[in-house]
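Observations on chain architecture
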Amino acid sequence: MTRRIHPLLAVFTALVFLFLLGPLVIVVGASLSDTTYLTFPPQGLSLRWFENIFAIAAFRRTIVTSLQIAFLATALALLIGVPAAYAMNRYRIALPSWLSTLFVLPVLVPELVLGFSLLRSLAVGLEAPIFLSLLLGHTLLVLPYIVRIVGASLASFDFAIEEAAISLGTPPLKAFGTIVLPNVRPAVMAAFILAFITSINDVSISIFLTGPGISTLPIQILAHVEQFFDPTIASVSVLLMALTVAVMAVVERTLGLTVLAK
């Protein structure tokens with residue numbers, strides 16, 4: 001027997017969808033407008049503002065820089081975070097309890113405070129190059145995602161299997177690579193995707209660490225908004241949304257979105 005949906009519930013559901021999807025529809029519509037200013041509904045349809053993104057040298061340069069920083073920072077965070085998550089689960093009794101809190105501090109501390117601290121310590125104190133400062137800052141930002149996601153997967157792993165392999169003569173490093181790592185591979189991939197998206201969209205830390213000649217895409221968007229009011233920014237936003245949707249589609253096709261909920 002099919003239950004009837006109450007009309008008020010249907011109206012409420014429609015309003016929720018409108019609240020969630022309305023801003024996206026406005027941004028997409030504004031990006032397709034043929035006018036030289038932001039407007040909705042669009043006055044004519046055109047892809048000229050998507051072409052304008054790649055016609056502006058600053059956007060081309062910052063897109064490449066953001067992708068480089070996101071990939072390198074996420075890879076570096078994986079090199080640190082996966083062994084850290086493994087150690088905290090494998091030797092949880094021997095290690096101090098405050099160690100797990102240490103790895104989530106970048107999430108607990110406000111990003112503006114973290115960005116200013118990195119500016120004082122890296123860019124000013126150590127006089128580190130701008131690209132290196134951005135790389136270290138983004139690595140510190142995404143490291144908690146790696147540790148928490150991989151750690152949650154390792155929490156349900158039976159380390160007795162690894163111990164059995166080692167007792168039979170398998171070197172510890174080989175046992176980790178052939179037994180432990182394949183079991184947490186979905187978590188590692190999910191952590192990589194979440195960390196990458198977080199890094200490429202970061203503003204609070206990047207705004208403190210960018211400098212002459214080197215900037216990221218979100219900072220360039222802010223700079224463009226200060227000088228122009230054309231639909232280019234809406235077009236950039238649509239491209240970022242499309243990138244996020246594409247990444248999530250890949251996760252769903254390969255791993256399933258349930259991996260991200262663990």
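Preceding this section is the structure that the text describes.
Here's what I pulled together on the structure shown here. (Residues numbered from 1 in each chain as written. Predicted model: local features only at pLDDT ≥ 70, side-chain atom pairs only at ≥ 80, totals over all residues. Heavy atoms only, no water.)

Next up on the list: the overall build of the chain. A count of helices and strands for the chain gives 13 helices and zero strands. Traced from its N-terminal end to its C-terminal end, the chain shows the element sequence α-α-α-α-α-α-α-α-α-α-α-α-α. Its C-alpha atoms put the chain at 70 × 70 × 30 Å along the principal axes. The buried share of the chain, taken over its 262 residues, is 38%. Pairs at least 24 residues apart make up 69% of the contacts formed inside the chain by residues separated by at least 6 positions. Summed over its atoms, the accessible surface of the chain is roughly 15200 Å², and 71% of this surface lies on carbon and sulfur atoms. (Helix = DSSP H or I, 4+ residues; strand = E, 2+ residues; numbered from the N terminus. Buried < 20%, exposed > 50% of the residue type's maximum accessible area, 1.4 Å probe, protein only. Contact = heavy atoms within 4.5 Å. Areas by Shrake-Rupley, 256 points an atom, 1.4 Å probe, with all protein chains shown as cover.)

On to the packing of aromatic side chains. Overall, the coordinates contain five aromatic pairs when judged by the stated rule. Between the aromatic rings of Tyr86 and Phe176, the centroid separation amounts to 4.9 Å while the plane-to-plane angle is 75°, which identifies the pairing as edge-to-face. Residue Tyr86 is found in helix 3 (residues 57–90), and its partner Phe176 is found in helix 9 (residues 172–183); the two are separated by 90 residues along the sequence. For the pair Tyr86 and Phe176, one class covers both residues: buried. (Phe/Tyr/Trp six-rings, centres within 6.5 Å; stacked < 30°, edge-to-face > 60°.)

It is worth spelling out unusual backbone geometry at this point. Positive phi, close to 50°, is recorded for Glu127, a residue that is not glycine. Its location among the elements puts Glu127 in the loop between helix 6 (111–125) and helix 7 (130–154).

Here we take up the nonpolar core. In this structure, Val82, Phe103, Ile146, Val150 and Leu154 are the most contacted members of the largest nonpolar core, which totals 28 residues. For Ile146, the residues in contact, after removing those within four places along its chain, are Ala77, Leu78, Gly81, Val82, Gly151, Ala191, Phe192 and Ala195. Counting ten residues, the second-largest nonpolar core is a separate cluster that includes Leu122, Leu134, Leu141 and Ile205. (Core = buried A, V, L, I, M, F, W, Y, C linked by side-chain atoms within 4.5 Å.)

Let us look at the environment of Ile146. Along the chain, Ile146 falls in helix 7. Accessibility expressed as a relative area gives 0% for Ile146, which makes it buried. Counting along the chain gives 48 residues from Ile146 to Leu194, while the straight-line C-alpha distance between them is 8.6 Å.

Maximal helix bending in helix 6 amounts to about 30°, located at Leu119. Against the buried residues of helix 6 lie helix 5 (105–108), helix 7 and helix 11 (206–209). Just downstream of helix 6, Glu127 is the residue with a positive phi angle, here 50°. (Bend = angle between axes of the 7 residues up to and from the residue.)

Here we take up a nonpolar patch on the surface. Nonpolar side chains collect at one region of the surface, where Ile5, Leu9, Phe12, Val16, Phe17, Phe19, Leu20, Leu21, Leu24, Val25, Ile26 and Phe40 lie side by side and expose about 1200 Å² of accessible area between them. Position of Leu21 among the secondary structure elements: in helix 1 (residues 7–31). (Patch = residues over 30% accessible without salt bridge, like charges linked within 9 Å, V, L, I, M, F, W, Y side chains within 5 Å. Salt bridge = Lys/Arg side-chain N within 4 Å of Asp/Glu carboxyl O.)

Time to look at the environment of Pro212. On the secondary structure map, Pro212 appears in the loop between helix 11 and helix 12 (217–227). Note on Pro212: relative accessible area 77%, which makes it exposed. Considering only alpha carbons, one finds Pro212 and Thr62, 150 residues apart in sequence, at a separation of 12 Å.

It is worth spelling out the environment of Ile161 at this point. Turning to its location among the elements, Ile161 is positioned in helix 8 (residues 160–167). For the pair formed by Ile161 and Val11, sequence separation is 150 residues and the distance between their alpha carbons is 54 Å.

Let us now look at the packing of helix 3 against helix 12. Running from N to C, helix 3 and helix 12 cross one another at 155°; their axes reach a closest spacing of 8 Å. It follows from the interaxial angle that helix 3 and helix 12 lie roughly antiparallel. Contacts between helix 3 and helix 12 involve Ala58, Phe59, Thr62, Ile63 and Ser66 from the former and Leu217, Pro218, Gln220, Ile221 and His224 from the latter. Classifying every residue of the contact of helix 3 with helix 12 by side-chain character gives six nonpolar, four polar and no charged. (Axes fitted to C-alpha atoms, helices over the stretch in contact; angles between N-to-C directions. Parallel < 35°, antiparallel > 145°, perpendicular 65-115°, else oblique. Nonpolar A, V, L, I, M, F, W, Y, C, P; charged D, E, K, R; others polar.)

As a further point, take the packing of helix 3 against helix 10 (residues 185–200). The packing of two helices is summarised by the inter-axis angle and the distance between the axes. The geometry of helix 3 relative to helix 10 is characterised by a closest axis approach of 9 Å and an angle of 140° between their N-to-C directions. As the angle between them shows, helix 3 and helix 10 are arranged oblique. Handedness of the crossing formed by helix 3 with helix 10: right-handed. The residues of helix 10 that touch helix 3, namely those facing Ser66, Leu67, Ile69, Ala70, Phe71, Thr74, Leu78 and Val82, are Val188, Phe192, Ala195, Phe196, Ser199 and Ile200. Along the lines of polarity and charge, the residues of the contact of helix 3 with helix 10 split into eleven nonpolar, three polar and no charged. (Left-handed = near helix turned anticlockwise from the far one by under 90°.)

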